[in-house]
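# Summary of structural features
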Amino acid sequence: MPRWGMVIDLDKCTGCGACVAACKQENNVAYNTPEEAERGRTLSWINIMTEVEGEYPHLRVRYLPLPCMHCDNPPCIKVCPVRATYKADNGIVAQIYPRCIGCRYCMAACPYTVKDFNWFEPQWDPEIKKTTNPDVSLRPKGVVEKCTFCHHRLIKAREQAALEGREMLEEEYQPACVETCPANAMFFGDLDDPNSIVARLSRSPRAFRLMEDLGTEPKVYYLSEGEKII
Amino acid sequence: MGYDPDEILYKPIEKPSPVFWYTVAGLLVIIGWALFMYVRQLYLGLGVTGMNQPVSWGFYIVNFVFFIGISHAGTLISAILRLSKAEWRRPITRMAEVITAIVLAIGGLHPIIDLGRPDRLLNIFRTGRLQSPLLWDVTSITAYFTASTVYLYIPLIPDIAILRDRGAKPQWLYKFLSWGYQGTERQKHVLERAMNILMVMVIPIAVSVHTVISYIFSMTLQPGWHSTIFGPYFVVGAIFSGIAALLIVMIAFRKVFHFEAYLKEVHFRYLGNLLLIMSLLWFYFTFSEYLTGYFGHEPFEMRVFFYKFSGKYAPYYWGMVMCNFVIPVLILSFKKTKRIPGILIAAIAVTIGMWLERLIIVVPSLANTRLPYPTGIYVPSLVEWSLLIGAVSVFVLGFVLFSRFFPLISVWEIKEGRETSVKEVSERLESYLPDTESVRY
Amino acid sequence: MGINRRDFLKQGAFLLAAASQAGWISKAVTAQDEPMIEAYPGAGIETWKCSVCRLCPGGCGIKVRLVDGRPVKIEGNPLSPVNRGGLCPAGHAGLQVLFNSDRISTPLKRVGERGENRWEAISWEEALQLFYDYLLKLRNEKTPHHLLVLDGESRGLQKRLLERFLEAYGTPNYFNLSSQEPSSLPFLLMHGRKNTPGYDFQNTRFILSFGNDFLDSEGPPSRMAYLFGELRQNPGRNRVKIVQIDPRLSTTAVKADRWIPLNPGTYGALALGVAHIMVVEGLYNKTFVENHTFGFEDWVDNKGNSHIGFKTLLLKEYYPEKVSGITGVPIDDIIRVARSFAENQPGIAIWGRGVTNHSNALFSQMAIHALNALVGSINSPGGILEAPPEPPTGLPPLVQDKLAQWGSAQSPVFQYRGAKLPATMESLAYLLDNIQSGEPYPIEVALLIHTNPLFELPEKERFQKALEKIPFVVSFSSEMDESSIWADLILPDHTYLEKWDLDYEVPQLPFTQVTISQPIIQPRFNTRHIGDVILSCARLLGGSVQKSLPETDYRGLVQKEAEALFRSHRGFITSGQFEDFFQSFLSRRGFKYQEFATFEEFWEALLKEGSWLEIPQPVSDLFPRLSTPSGKFEFFSQTFYHQYKALPHHVQNVLKSDSPLSMALSKGDQAFLPHFEEPNVNGDSIEYPYFLYPFSILTLFDGKMANRPLLMEMVGFRRNVQWDSWAEINPETARELNIRHGDWIWIESPRGRVKVRAHLYPGAMPGMVYLPLGLGHTASGKYASQKGVNPNDILVFDYDPLGGSIARNSTRVKIYKASVA
């Protein structure tokens, strides 16, 4: 069983936000009204974090794309009272929307703040609703949603391979963010396959994970930026 | 039946004043409003509250913890006092137990109010995950609610029997609830046995309830929550707020129903002492909690710490310290101020302070995420305020209704005290003293 | 009694059991997880179609995923040589362009007053007749040059068609309003090239960027991101160094190795200061400068007049202390930049809108471009390359009748009157003045093609007044934007996902590529391709116009052009594993391409794969002769000098004494050399102590994308702002003004004021305030309008008198707290 994981090269990442837009379009993440956005209720399965340190003109600013970490030891699944969020065998931390009771405990427990809640019933413009992806269900109000590593793409790739009577190739399954990244800063694959690109990059000296000290064992690795001296 | 010295205790039941109806009507209006707001929330979604990302928990969880905390007033105090045979407990226990029962029901409903999909509530039985502290809560609160309602009911039976015999209306109610209690020796014996068993049982359950509630927070990795002393800290806070709530209720009903003869200055002084002790204990826990956090100076911990100490939540934080420590300690340390008005002020302060403490525990840790998100803002909406006021109204209504049908002071225990305890206590007291016979020069 | 109780309990138990048997309890306990949505009705058959993204000039190849014929996702086309599979956030919002409830669904004729936004839906026949009548009228009145076209988007074949049509019709007035278009004037003046050259970022080792936010809103965004990734982390090469010189900590500045903030508008001075150090320290490419440049040393012209050289000017005027004083950049940094630029060769010095947004734009650009010559990065790998050849065309030769010849020869209405300097002194400012005054001739018909000047331009009243002078205004917009409201007739164009087209002319590419645009779905509304409108007008006009454009429909034209590609036997269709293909192609450096026996096969392949690519011959060691008068790179622009000298004396005098050029010309030879000109600043420095710095953002570009909720929700995603504008202010400056993060503030210029929320950001220079462009629509659809503020509302209309660009960064403002939010 593969263990799917992601590597994000921060040296390549320009913080352009393509991953954010691609994710929203792929996963039917509902957009919110300006009033709701103002109250901090924007739904987004992947965000670009901006970290600003220092003072003008000696600044260090970093952009950090932040999807769900798909921890191997996820703090969110342990607290879910109804098993609506769980870790699948292939390492993907998933959410069962029809089961979620909306207690938001998983959101409170997630140290990465990557879970979103549907505070209202999503309001789709009837025109824009026509462009929703049939592979991904629309969420109702009152449930928590999150990044699934575009799990539906895995299913699709697997079925395609089965149809053609062959093994699925690792490259056939890429989440929307990885596929679209204009800087090719994101990589995806099987961390357990020592020769996969992600496994190799995860062993890079530049590789680190967010809040490793919490013991959550994230499956999203980052590669730090290079030396910046002129 | 001749003259009953405790006639005044039946008065609210047998001759309810019109004020009762006004009060009930007023409270029903408020509760109706809150209900309307809740139905609106059900219909529209939790968006009507002020919660957001990352402050995904707000008033509902705060109130949940707060009300469950208050519930410790009762049963725990009455059980401890009964167990330790503190004779001054007699006029107090009933009220304490009523508080527990009502407040537990209110508190227990709050997580359901907080659910995004209450229609799927039963999923916790269908697909429940025992690892989740929320499920532990469901278990322990249910147990506590069962135990404490039984614990309220059992000592109530003789009183109901008295009311039945006095012909109080509605007769069917008293007939049904008295379970044919006639006050025979066997019945008395069974009653006492039952009370003794419950008394012992209810204490660990009560302790477990608030410990488990604290686990909701401390089991996560969040800064400001992930703390080992949260269990006892919450229990101490719960008892603290419970005593305060009990004092408020006692003072209020003493005034309304003219129970001055029963609830004497001394009861308040004793409970005041207890409150003072709890205040100091609370301060000790708070101090340990925050000092260890500060001393370690872990950056995420510090963000939350300073958010409370000098940031947005500083008014609430220092307000809490004021209400929970400074005011009660100042008032209760001096004989001059340790009178009923002073105690009332202290008790109200503590109730507010403990509510603030729950707020300060829940919101700042959520608002200050580990990652550089902007700090969350939480402004409770009208719905949340309405439901808070509604919850308080339900509490008052529950009490008022209880007082309409059942005596707020345990009549039979008072009688028992009057008839048998004086002798019993003096015997007991004598048994404490050194045996005169063995003193030989 | 006991029985009663027992009965009660029994009844209770029964009731409970009954409840659990029926209704919601049993359902919730026993049922499976309730289904979310009804099962998807269709068969779920997936298809992909290749096309091109037209939301910015980037020209990214895209492929659209359709499920049962319904488009659900846009991806980058991995076979596109431009973006190689990546796609910027705006590109993903394309489906919200196609599916949008604010689209104009049919031709509209104005019924109310202009600007009243009252319309009558008319048929295409009627609309075309109306349009054609005006076109015919101008021709009949022998004034075809009274037709003006303002184009904000067209490129590739559509632009070729429009240009062809206007030439055959007889008007020189084709003005490109796209503010995304980089100015190519410095290239014309310094090495005789009319169009933007190719930038060989692939092979460069150093990018010295002057105000070019290439990782955000400038340049083809997906391409630049791709290149950035390649340049930063690629096992096969060294990590490229990037220095960003910018008064704002832009995205590029964040990602650069070094950010050097400088006083706004002083880029030219800094570039010259860097050049000074390079010359003094001997860090420049002496061989190149000696052999391939003109005007570096002092020189004597054939009349015996001596002229100063670039070197003399540098040494005399741009010593570090002075430059540091002008720019506010520490001397240390100037030296460091000069040295590292010289050390890390090949390198490129580029400029962007930060530079062109000032009134001294042209001279600043020349100064920056001079750095490229100093290090010899002209026509050399890793530097600036010859512009790639245009793709071949299948159009018949242009036929112009007398009238058309005469009309086309008229001086364009957007040129400074009286001074006919070819290619220079063309500006929107002159256009507006000339329309306003009706001199040298009035404009009678104006076509607005995917442009929204009433939103994008400062002092929109000026444009509005000019529009009022034009009797007939036609808009081709597919959404009711601010400018279309003022039109008389709206001929709604398809959206780009419903269009046939061939796209090329992506700026700065070092190769030629053609990407096919094909309809993803049939047009959803009663709209019509602008190309078809033009072709039918050509047919109706007949004569030479029709002869120049004999095609009857645009799709046929596209096919014909594609056929010309096929017949040219140049280039190849990218296919298969592109990366491998590309590399093996390069390694062989040959002209191996897929052979197609017939055009049909070629066409099928083009539709399937999307792109056609031609890699130019590798740069030869032999430096080619440039098309400047000297044949070399000219520090001293003889092109400009000769143009100026060719003017009659009295015109020269007018230009010298009373024109926007007086200042530069008064400096003698300097006017033709890269030099620093003080930028115009509008607003009194005491009353308006702060500088307003508007900037473009990737998500909205210049506001065309504002009606896409997907993008509005992430409009300021790096600053965590949604659906609104934000004013970046340095925390120090904010403290002086007693402004806290999130406060509502007024930003007031001599032109007006806007209310916006303050966003404290240490990346802001003290004394500056930064506002994003693209928000603050008053029309353009429900998601766009009334969100945020439009900085153009308070900008003073200023411009570069020579280069023509609009100087958006020249307005001073004051800032104060808004009393009530």
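Residues numbered from 1 in each chain as written. Chains lettered and ligands numbered in written order. Predicted model: local features only at pLDDT ≥ 70, side-chain atom pairs only at ≥ 80, totals over all residues. Heavy atoms only, no water.

Looking only at helices and strands, one finds 30 helices and 30 strands in chain C. Rg of the C-alpha trace for chain C: 29 Å, near the compact-globule value of 28 Å for 821 residues, within the 12% margin. In chain C, which comprises 821 residues, the share counted as buried stands at 64%. The contacts of chain C with a sequence gap of at least 6 include a subset with a gap of at least 24, amounting to 73%. Total accessible area on chain C is roughly 29300 Å²; 52% of this is exposed by carbon and sulfur atoms. (Helix = DSSP H or I, 4+ residues; strand = E, 2+ residues; numbered from the N terminus. Rg over C-alpha atoms; globule rule 2.2 N^0.38 Å. Buried < 20%, exposed > 50% of the residue type's maximum accessible area, 1.4 Å probe, protein only. Contact = heavy atoms within 4.5 Å. Areas by Shrake-Rupley, 256 points an atom, 1.4 Å probe, with all protein chains shown as cover.)

Another aspect to go through is the overall build of chain B. Looking only at helices and strands, chain B has 16 helices and 0 strands in total. In terms of C-alpha radius of gyration, chain B reaches 23 Å, essentially the compact-globule figure of 22 Å for 441 residues. Across its three principal axes, chain B shows a C-alpha extent of roughly 75 × 65 × 45 Å. For chain B, the proportion of its 441 residues judged to be buried stands at 58%. Sequence separation of at least 24 residues holds for 82% of the intrachain contacts in chain B that already meet a minimum separation of 6. Roughly 19100 Å² of accessible area belongs to chain B as shown, and the carbon and sulfur atoms make up 71% of that amount. With 38 positive and 28 negative side-chain charges, chain B shows a separation of 5 Å between the mean positions of the two kinds. (Lys, Arg positive; Asp, Glu negative; His and termini not counted. Charge placed at Lys NZ, Arg CZ, Asp CG, Glu CD.)

Residue and element names in this part refer to chain B. In this structure, L276 sits in helix α11 (residues 265–296). Given the relative accessible area of 17%, L276 is considered buried. Counting along the chain gives 186 residues from L276 to R90, while the straight-line C-alpha distance between them is 21 Å. If near-sequence neighbours (up to four positions away) are discounted, L276 is found in contact with P328, V329, L332 and S333.

With that out of the way, let us pick up the interface of chain A and chain B. In this complex, chain A contributes 46 residues to the contact, which on the side of chain B involves 44 residues. Taken over both partners, the interface formed by chain A and chain B buries close to 3800 Å², and the fraction arising from carbon and sulfur atoms is 56%. A per-residue breakdown of the area chain A buries against chain B is headed by I101(A), Y105(A) and W119(A), which together make up 17% of the total. Linking chain A with chain B are 1 salt bridge, by the criterion used here. (Buried area = accessible area lost by both parts, 1.4 Å probe. Salt bridge = Lys/Arg side-chain N within 4 Å of Asp/Glu carboxyl O.)

Residues and elements named next belong to chain C. Spatially, the 3 strands line up as an open sheet ordered β1-β2-β3, and their pairing is antiparallel. The sheet is open, and its two edges are formed by β1 (46–52) and β3 (70–76), each paired on a single side. Averaged over all pairs of adjacent strands, the angle between their axes in this sheet comes to 30°, without regard to strand direction. (Pairing = 2+ DSSP bridges. Axes fitted to C-alpha atoms, helices over the stretch in contact; angles between N-to-C directions.)

Another point: helix α10 (residues 267–280) of chain C. Residue and element names in this part refer to chain C. The first and last C-alpha atoms of α10 sit 20 Å apart over 14 residues, in line with the 20 Å expected at 1.5 Å per residue. Judged by how many residues are buried, α10 sits mostly within the fold: 13 of 14 residues are covered. Positive backbone phi, approximately 65°, marks G282, located one or two places after α10. (Expected span 1.5 Å × (residues − 1).)

All names here are of chain C. The strand order across the open sheet formed by 4 strands is β20-β21-β23-β22, and the pairing between neighbours is antiparallel. Since the sheet does not close on itself, it has two edges, and those belong to β20 (501–503) and β22 (572–573), each with one partner. Here β22 pairs with strand β23 (residues 611–614) via 2 bridges, running antiparallel. Looking at β23, one finds that I573 is bridged to W612.

What follows covers the pairing of strand β6 (residues 147–151) of chain C. Residues and elements named next belong to chain C. Burial analysis of β6 places 5 of its 5 residues in the buried class, which makes it a mostly covered element. Side-chain alternation along β6 places L147, V149 and D151 on one buried face and L148 and L150 on a second face that is also buried. Alignment of β6 against strand β17 (residues 445–449), held across 5 bridges, turns out to be parallel. Looking at β17, one finds that D151 is bridged to I449. Alignment of β6 against strand β7 (residues 174–176), held across 3 bridges, turns out to be parallel. Bridge pairing links L150 to F175 in β7.

Right, let's talk about the domain arrangement of chain C for a bit. All names here are of chain C. Segmenting chain C into domains produces domain 1 (198–385 + 625–637) and domain 2 (690–817). For domain 1 and domain 2, the distance between their C-alpha centroids amounts to 29 Å. Counting from both sides, the interface comprises 24 residues of domain 1 and, opposite them, 26 residues of domain 2. Buried surface at the junction of domain 1 and domain 2, summed over both partners, amounts to about 1900 Å²; 55% is from carbon and sulfur atoms. Looking at the side of domain 1 facing domain 2, the largest losses of area belong to R248, N357 and S359, adding up to 30% of the total buried there. Inspection of the domain 1/domain 2 interface yields 2 salt bridges. As a salt-bridge pair, R718 and D216 come within 2.8 Å of each other at their nearest N and O atoms. At the junction of domain 1 with domain 2, the criterion picks out 14 residue pairs in polar contact (both at pLDDT 80 or more). When contributions to the side of domain 1 that touches domain 2 are tallied by element, the ones reaching two or more residues are α9 (251–255), α15 (353–356) and α16 (361–374). Across the side of domain 1 that touches domain 2, the residue classes tally to 12 nonpolar, 8 polar and 4 charged. (Domains from an automatic or database assignment. Polar contact = N/O pair within 3.5 Å; in protein donor to acceptor, adjacent residues only side chain to side chain. Nonpolar A, V, L, I, M, F, W, Y, C, P; charged D, E, K, R; others polar.)

Another aspect to go through is a negative patch on the surface. Residues and elements named next belong to chain B. Negative charge collects at one region of the surface, where E192, E424, E427 and E430 lie side by side. Ranked by the residues each element gives to the negative patch, the list is headed by helix α16 (residues 411–432), at 3 residues. Residue position: E424 is located in helix α16. (Patch = residues over 30% accessible without salt bridge, like charges linked within 9 Å, V, L, I, M, F, W, Y side chains within 5 Å.)

Glancing now at the confidence of the model for chain C. Across chain C, pLDDT averages 87, with 91% of residues at or above 70. Predicted confidence for residues 12–32 of chain C stays below pLDDT 50, and this span has 16 contacts to residues more than four positions away or in other chains. (pLDDT = per-residue confidence, 0-100.)

What follows covers empty space enclosed by the protein. Empty space among the atoms can be located by rolling a probe the size of a water molecule over them. All names here are of chain C. Scanning all chains against the criterion turns up 18 cavities of 30 Å³ or more. Taken as a whole, the largest cavity spans an internal volume of roughly 410 Å³. Lining the largest cavity are 27 residues; nearest its centre among them are E153, H450, S478, K704 and R708. Among the residues making up the lining of the largest cavity, the classes are represented as 7 nonpolar, 11 polar and 9 charged. R353, G354, P694, F695 and S696 are, among the 19 residues lining the second largest cavity, the residues nearest its centre. Elements with a minimum of two residues in the lining of the second largest cavity: α15 and β25 (690–695). Broken down by class, the residue content of the lining of the second largest cavity amounts to 4 nonpolar, 8 polar and 7 charged. Residue assignment places the lining of the second largest cavity across two domains, with domain 1 (198–385 + 625–637) and domain 2 (690–817) each supplying three or more. (1 Å grid on protein atoms, 1.4 Å probe; cavity = no way out; pocket = protein on both sides within 12 Å on 5 of 7 lines; lining within 4 Å. Points joined across faces, edges and corners; volume = space filled by probe spheres on them.)

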